[in-house]
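Residues per chain are reported as follows:
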Amino acid sequence: RFIQQRAEDDAKPVDSVSEEVEHGLDCRTTVMFRNIPKGFSRRALEELFAQEGFVACYNFLYMPADITTGKSFLYAFVNLITHREARRFCRHFTGFCSWPMACSTLAEVEWSEVLQGFDQMVERYRNSPMMHPLVPDDLRPAIYSEGVRVAFPAPTKPIPAPRLRRGKDGGSRRL
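Reference entry: report on the structure contained in this document. This one's a predicted model, so the numbers in the text were calculated from it and none came from an experiment. Along every chain, residues carry numbers that run from 1 in the direction the sequence is written. Only residues with pLDDT of at least 70 get local features here, since the model is predicted, and only at 80 or more are side-chain atom pairs given and counted; chain-wide, interface and lining totals rely on the full set of residues. Side-chain measures here rest on the full set of heavy atoms in the structure, leaving out hydrogens and waters.

**Thoughts on the nonpolar core**
Considering soluble globular proteins, one finds that nonpolar side chains tend to be buried as a cluster.
Now for step 1: By size, the foremost hydrophobic cluster in this structure holds 26 residues, and its most contacted members are Phe33, Leu45, Phe49, Val78, Phe89 and Phe93.
Now for step 2: Breaking this core down by element, the ones donating at least two residues are β1 (30-34), α3 (42-51), β2 (58-62), β3 (75-80), α4 (83-93), β4 (108-111) and β5 (142-145).
Now for step 3: Helix and strand assignments follow DSSP, with helices taken as H or I runs no shorter than four residues and strands as E runs no shorter than two, numbered in order from the N terminus. With four residues, α4 is the largest single contributor of residues to this core.
Now for step 4: Pairs of residues are marked as contacts when any of their non-hydrogen atoms sit within 4.5 Å. Not counting residues within four places of it along the chain, the set of residues in contact with Phe89 comprises Val31, Phe33, Phe49, Phe54, Val78, Leu80 and Val109. Each nonpolar core is a collection of buried residues, namely Ala, Val, Leu, Ile, Met, Phe, Trp, Tyr and Cys, held together in the definition by side-chain atoms within 4.5 Å. When a residue's accessible area, from a 1.4 Å probe over protein chains only, is under 20% of the maximum for its type it is buried; when over 50% it is exposed; and in between it is partly exposed.

Structure (structure tokens):
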């Protein structure tokens, strides 16, 4: 029943959920954006979001990648500034295929299950090895204010250097 109700809720127009948000029934803002084309970078995602009308609608973006090769794992975490924007983002990018490069992949968007909201995302990564100076800036999580990238909050403790794990092919994998 809960799953059926959630599916029915997700099918509601944006305007009809305002009462639910007011009553605290749903205030999720963080999504996982999947099936991003190979070769896409965080910068390419920023440009895509701007092109698709989401330039100042998100405040956190992290696209996990192999820190040795810079190749992404083809998904990203995006925190939208409001639940309404998150729902609009989900509707717009679910099944998205208008990539700025040749690609037949259909995007998928789902709610982040483990971490939700800007504060949780920042706290998760501010002391993470991903924020270590050895990690290239374009592979780190980033935060934004009104569509402009801003400095990530300072760590609250020393940041350990990233440890590389070896994959089956001998290459490094995510941390």
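**Describing the pairing of β5**
Now for step 1: Pairing of β2 with β5 involves two bridges; the strand directions are antiparallel. Paired with Phe60 across the strands is Ile143, a residue of β5.
Now for step 2: For two strands to count as paired, DSSP must find a minimum of two bridges between them. For β5 and strand β6 (residues 148-150), the ladder comprises three bridges, and the chain directions are antiparallel. From the neighbouring strand, Tyr144 faces β6, where its bridge partner is Arg149.

**Brief notes about the sheet that holds β5**
Picture the strands of a sheet paired through backbone hydrogen bonds; they go either parallel or antiparallel.
Now for step 1: Here we have six strands laid out as an open sheet, ordered β4-β1-β3-β2-β5-β6, and antiparallel in their pairing. This sheet does not close on itself; its edge strands, each paired only once, are β4 and β6. In this sheet, neighbouring strand axes are inclined to one another by 30° on average, regardless of whether the strands run parallel or antiparallel.
Now for step 2: The axes are straight lines fitted to the C-alpha atoms, using for helices just the contacting stretch, and the angles between their N-to-C directions are given from 0 to 180°. In the packing of α3 onto the sheet, the strands contacted are β1, β2, β3, β5 and β6, and the crossing angle to β2 comes to about 150°.
Now for step 3: In this fold α4 packs onto β1, β3 and β4, with an angle of close to 150° to the strand it touches most, β4.

**Some thoughts on unusual backbone geometry**
Now for step 1: The phi dihedral of Asn35 is positive, around 65°, even though this residue is not glycine.
Now for step 2: The residue Asn35 is located in the loop between β1 and α3 in this model.
Now for step 3: In the Ramachandran plot, Leu74 falls in the positive-phi region, its phi being about 70° despite a non-glycine side chain.
Now for step 4: In this structure Leu74 comes out as partly exposed when scored by relative accessible area, which is 28%.

**With respect to the environment of Lys157**
Now for step 1: Relative to the helices and strands, Lys157 resides in the loop between β6 and β7 (165-166).
Now for step 2: With a relative accessible area of 52%, Lys157 lands in the exposed category.
Now for step 3: For the pair Lys157 and Ser128, spaced 29 residues apart in sequence, the C-alpha to C-alpha distance is 9.8 Å.

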